[in-house]
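Geometric and topological summary
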Amino acid sequence: MSTILDPTGELQPARRERLPRLPELAGKTVGLLDISKPRGDVFLDRLEQHLGAGGIAVRRYQKPTFTRIAPADLKFQIARDCDVVIEALAD
Amino acid sequence: MTPIPRGYSGFLLVVKKDCNTCQLIETAIAELQRSGALRVTSQDDPQFPAGVRDVKDDRELEQSYHLNIETVPTLIACQDGVEQERLVGWSREDWRRLTGIPSLGTDLPQFSPGCGSRTVEPGMLDKLAYRFGDTVLQARRIDVAEMEDVHELMYERGWSDGLPLVPPSEDRVMRMLGGTSRAPDEIVGVIPPDQALCTVEKVTINAVMAGCKPEYLPVVLAAVEAACLDEFCMHGLLATTYFSGPIVIVNGPIINEIGLNWSTNALGQGNRANSTIGRALQLVIRNVGGGKPGGVDRAALGQPGKVGFCFPEREHDSYWESLAVERGFAPEQSTVTLFAGDGVHGIADQKSREPKSLTRSLAMTLRTVKHGKLFGDASAMLIVTPEHMRVFREAGWSKARFREELDKCLNFDGSELIRGASHIAEGMPESSAGRRLTKFGPDGLLIVHTGGSAGMWSAVIGGWAATGAKGSTPVTVAIKS
């Protein structure tokens, strides 16, 4: 038998359960996150209209650039202020 | 362990049976033990030497390793647990002096050189350093069964870029670590996309797999460090659907110290350092960071250089200051520069003998980087070969002069570049109409001299579509030993 060393990050996060899905959006706050890809705003504008028509509170957020992960402060702000978040990913 | 017993006063002798000198002096060893304190350690046979009591069995070589034995026999005089003097091989005169026995080895020749200690057999020191040394490797051990093919195992675990890997055994990793003075647990950076903390040890393991030699390790470490800088934006570079990957350009004395190829086929295959350093960086991103094609790497096409792309500048006969000097480093400082780039696009110009003509030629291709109508946030690296460099040298054009003239050739009326112009929908926004636009922004064009001395070609390596603050900026870091 021989032994080799693991080249990976050995992260193996403990399995995380998804948060329970919300049965309805009434009375909840929905965050809309634009990652700064072209036309993400068009998609999110329409979502905001639809949600607003249903009387659902909406908050808009934007990443400074799509090429980097979201700043920690932004993630914290969304988690603090919203019940769910919808992210517009691609152009 | 402490190799010399605490408080011990007397002699330690390390021998092996498979040594003519050790066999030759067998009787003298027994004589020495009879006359006083002597502890004998045998590297290969605890029954040897005959007639000696309590021979220490050191077939595992732990004591020999800690005593730094390079030759057998080695006789060490100790006082209160501290080494006073050591003799290697057999010299009757020296042994008599050190032991104080004037009649020692009367029947023996005056002198007989020793043999190599088993600790210095090829590859053995790395194994022993791993087993008995102070260096502790933290990585998880993976056992490979006798019947298992280690190469297939590495493929199955997803560690490979598609090409075979060198198995990262403990002794290979230890040997590779010898290439740096940095501690194995030192953090080099946070590797995207998993934002994994990456130690010197993890870089070392991946450098072994990539096929690096220990002397390349400082370059690999610097490349990983550079890739983790925020302005290089490795996360986005990995995730993009565009072609680009990290390209490593090496400057400074280390180029020749480790044998990087700046001559014929400098951007091609066939040189171990060129081929493995860039690969090691990519394996770190793949294995430590978790960045894999089809996962976070979303490239529509990619390009062959994403296996690894590293080359040095041809510095010794360049008429221009090197890339690193241009970027603020001293010529004697070895550096790596990382550029987010694509494949190589050749430019043929065998007719230009004066610099204005050649500059216009090069500009024609540089204009097309990304798209012939997209200006301002494009980036590129221009590789000038020695034969094209000669044209600028003979005309006395400095690098700054060339840049200035090149910018003039890459300055266009925005009306020709806007969306819809030339019946092409792609282009600059309407607001560019009537303005003069230059192809590359600040830091948007890197210029490097490299390659073989024959061939009136140069090359353009297009940069990632996302450049500058919103994407990637080239980064240069010093290589530490």
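Note that residues are indexed from 1 along each chain, following the sequence as it is written. Each chain is given a letter, starting from A, and each ligand a number, starting from 1, according to the order in which they appear as written. At least 70 in pLDDT is required for a residue's local features to be given in this predicted model, at least 80 for side-chain atom pairs to be given and counted, and no such filter applies to totals for whole chains, interfaces and linings, which use all residues.

A short note on the overall build of chain A
Under the scheme used here, helices are H or I runs from DSSP no shorter than 4 residues and strands are E runs no shorter than 2 residues, and both carry numbers assigned from the N terminus. Check the secondary structure of chain A and you find 2 helices and 4 strands. Scanning chain A from its N terminus toward the C terminus, one meets helices and strands in the order β-β-α-β-α-β. In this treatment the radius of gyration is a C-alpha quantity, and the globule benchmark scales as 2.2 Å times the residue count to the 0.38 power. A globule of 91 residues ought to have a C-alpha radius of gyration of about 12 Å, yet chain A, at 18 Å, is considerably larger. Projecting the C-alpha coordinates of chain A onto the three principal axes gives extents of approximately 65 × 30 × 20 Å. Whether two residues are in contact depends on their C-beta atoms, placed from the backbone: they are in contact if these lie within 7 Å. When contacts within chain A are restricted to residue pairs at least 6 apart in sequence, long-range pairs at least 24 apart make up 74% of them.

Side note on the packing of helix 7 (residues 170–177) of chain B against helix 8 (residues 200–210) of chain B
Residue and element names in this part refer to chain B. Between helix 7 and helix 8, the shortest axis-to-axis distance is 9 Å and the interhelical angle comes to 110 degrees. By the criterion of interaxial angle, the relationship of helix 7 to helix 8 is roughly perpendicular. Listed contacts from helix 8 to R172, V173, M176 and L177 of helix 7 are T204, I205, A207 and V208. Residue classes follow a fixed rule: Ala, Val, Leu, Ile, Met, Phe, Trp, Tyr, Cys and Pro count as nonpolar, while Asp, Glu, Lys and Arg count as charged, and any other residue, Gly among them, counts as polar. Considering only residue class, the contact of helix 7 with helix 8 consists of 6 nonpolar, 1 polar and 1 charged. Helix axes are fitted only over the stretch in contact, all axes being lines through C-alpha atoms; the angle between N-to-C directions runs from 0 to 180 degrees. Roughly parallel here means an angle under 35 degrees, roughly antiparallel means over 145, roughly perpendicular means 65 to 115, and every remaining angle is called oblique.

Some details on the interface of chain A and chain B
Between chain A and chain B, the contact holds 15 residues from the first and 32 residues from the second. Any two strands between which DSSP finds at least two bridges are classified as paired. With 4 bridges connecting them, strand 1 (residues 2–5) of chain A and strand 10 (residues 141–144) of chain B associate as antiparallel partners. Looking at the pairing, A:I4 lines up with B:I142 of strand 10 of chain B.

A word on the domain arrangement of chain B
You can read the domains of chain B as domain 1 (10–121) and domain 2 (152–478). Delimitation of the domains relies on an automatic or database domain assignment. The C-alpha-based centres of domain 1 of chain B and domain 2 of chain B are spaced at 57 Å.

Section: the environment of B:V52
Residue and element names in this part refer to chain B. The topology assignment puts V52 in the loop between strand 2 (38–42) and strand 3 (56–57). The burial criterion counts other C-beta atoms lying within 10 Å of a residue's C-beta, which is placed from the backbone; the residue is buried at 20 or more, exposed at 12 or fewer, and partly exposed between these limits. Judged by local crowding, V52 falls into the buried class, with 20 C-beta atoms found within 10 Å. Between the alpha carbons of V52 and G462 there is a distance of 74 Å; along the sequence they are 410 residues apart.

A few points about unusual backbone geometry
Cis peptide bonds are those with omega within 30 degrees of zero, and the linkage from B:F48 to B:P49 qualifies with 0 degrees. Topologically, B:P49 is positioned in the loop between strand 2 and strand 3. Omega for the bond connecting B:V72 with B:P73 falls within 30 degrees of zero, at -5 degrees, which places this linkage in the cis form. Among the structural elements, B:P73 can be located in the loop between strand 4 (71–72) and strand 5 (74–79). Of note, the phi angle at A:S36 is positive, near 75 degrees, even though the residue is not glycine. Tracing the chain through its elements places A:S36 in the loop between strand 2 (29–34) and helix 1 (40–53). Among the residues examined, A:S36 registers 17 C-beta atoms within 10 Å and is labelled partly exposed.

Describing the sheet that holds strand 2 of chain A
Residue and element names in this part refer to chain A. Read across the open sheet, the 3 strands follow the order 3-2-4; overall the sheet is parallel. Only two strands of the sheet have a single neighbouring strand rather than two, namely strand 3 (57–62) and strand 4 (84–88). Within this sheet the neighbouring strands show an average axis-to-axis angle of 25 degrees, counted without direction. Bridge count between strand 2 and strand 3: 6 bridges; the pairing is parallel. Within strand 3, the position partnered with G31 by the bridge is R59. Helix 1 contacts strand 2, strand 3 and strand 4 of the sheet and is inclined by roughly 170 degrees relative to strand 2.

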